[in-house]
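Descriptive structure summary
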Amino acid sequence: QVQLVESGGGLVQAGGSLRLSCAASGRTFSSYGMGWFRQAPGKRREFVAGITRVGGSIAYGDSVKGRFTISRDNAVNTVYLQMNSLTPEDTAVYYCAAYSGYNLPRTDQYYSYWGQGTQVTVSA
């Protein structure tokens, strides 16, 4: 089992940057692929980015390509999301999640463990 805790959210002006972190408990972090999702009020949860167990494969949602970067450090059981060129449309609660397996799923049904979320608010 994996417990996930996000941090790094906050209020930022449009055009600014934030770096989210997700710390995982347990000794088997490298056994899980990781993903970031977000959910804005009144909208469905959206895939933001994903990374396989040792970072060999990475994927991004279309709306964040070229602006966001996902990475992981298995030595410290942490996955990161660097967010640049933020716009008000990026405002949402951001969740990290863990999945088992070798593929890189883009839908939340394949993720078994979730953090509590961190709020990101981008002002115009």
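First things first, this report covers the structure right here in the doc.

Side note on the overall build of the protein
Scanning the protein from terminus to terminus reveals 0 helices and 11 strands. Overall, the protein shows an N-to-C arrangement of helices and strands of β-β-β-β-β-β-β-β-β-β-β. The C-alpha radius of gyration computed for the protein amounts to 13 Å, which stays within 12% of the reference 14 Å derived for 124 residues, consistent with globular compactness. Along the first, second and third principal axes, the C-alpha set of the protein runs to 40 × 25 × 25 Å. The buried share of the protein, taken over its 124 residues, is 45%. Taking all contacts inside the protein whose residues are at least 6 apart in sequence as the whole, residues at least 24 apart take part in 59%. Accessible surface computed for the protein: about 6,400 Å², of which carbon and sulfur atoms make up 46%. In the protein, which carries 11 positive and 7 negative side-chain charges, the distance between the mean positions of the two groups comes to 6 Å.

Some points on the state of the cysteines
Tallied over the full model, the rule gives 1 disulfide. Disulfide pairing is shown between Cys-22 and Cys-96; the S-S distance is 1.9 Å. Judged by the torsion about the S-S bond (45 degrees), the Cys-22/Cys-96 disulfide is right-handed. Highlighted residues: Cys-22 in strand β3 (residues 18–24) and Cys-96 in strand β9 (residues 92–99), separated in sequence by 74 residues. Residue Cys-22 shares its accessibility class with Cys-96, and that shared class is buried.

Here's the deal with the packing of aromatic side chains
Scanning the model with the defined rule gives 7 aromatic pairs in all. Judged by centre distance (4.9 Å) and plane angle (80 degrees), the rings of Phe-37 and Tyr-111 are edge-to-face. Note that Phe-37 is positioned in strand β4 (residues 33–39) and Tyr-111 in the loop between β9 and β10 (113–114), a separation of 74 residues in sequence. Here the aromatic rings of Tyr-95 and Trp-114 are separated by 6.4 Å at their centres, their planes lie at 75 degrees, and the arrangement is edge-to-face. Taken together, the residues Tyr-95 in strand β9 and Trp-114 in strand β10 connect sequence positions 19 residues apart. The class of Tyr-95 is buried, set by a relative accessible area of 18%.

Basis of the calculations
Residues numbered from 1 in each chain as written. Predicted model: local features only at pLDDT ≥ 70, side-chain atom pairs only at ≥ 80, totals over all residues. Heavy atoms only, no water. Helix = DSSP H or I, 4+ residues; strand = E, 2+ residues; numbered from the N terminus. Rg over C-alpha atoms; globule rule 2.2 N^0.38 Å. Buried < 20%, exposed > 50% of the residue type's maximum accessible area, 1.4 Å probe, protein only. Contact = heavy atoms within 4.5 Å. Areas by Shrake-Rupley, 256 points an atom, 1.4 Å probe, with all protein chains shown as cover. Lys, Arg positive; Asp, Glu negative; His and termini not counted. Charge placed at Lys NZ, Arg CZ, Asp CG, Glu CD. Disulfide = S-S within 2.5 Å. Phe/Tyr/Trp six-rings, centres within 6.5 Å; stacked < 30°, edge-to-face > 60°.

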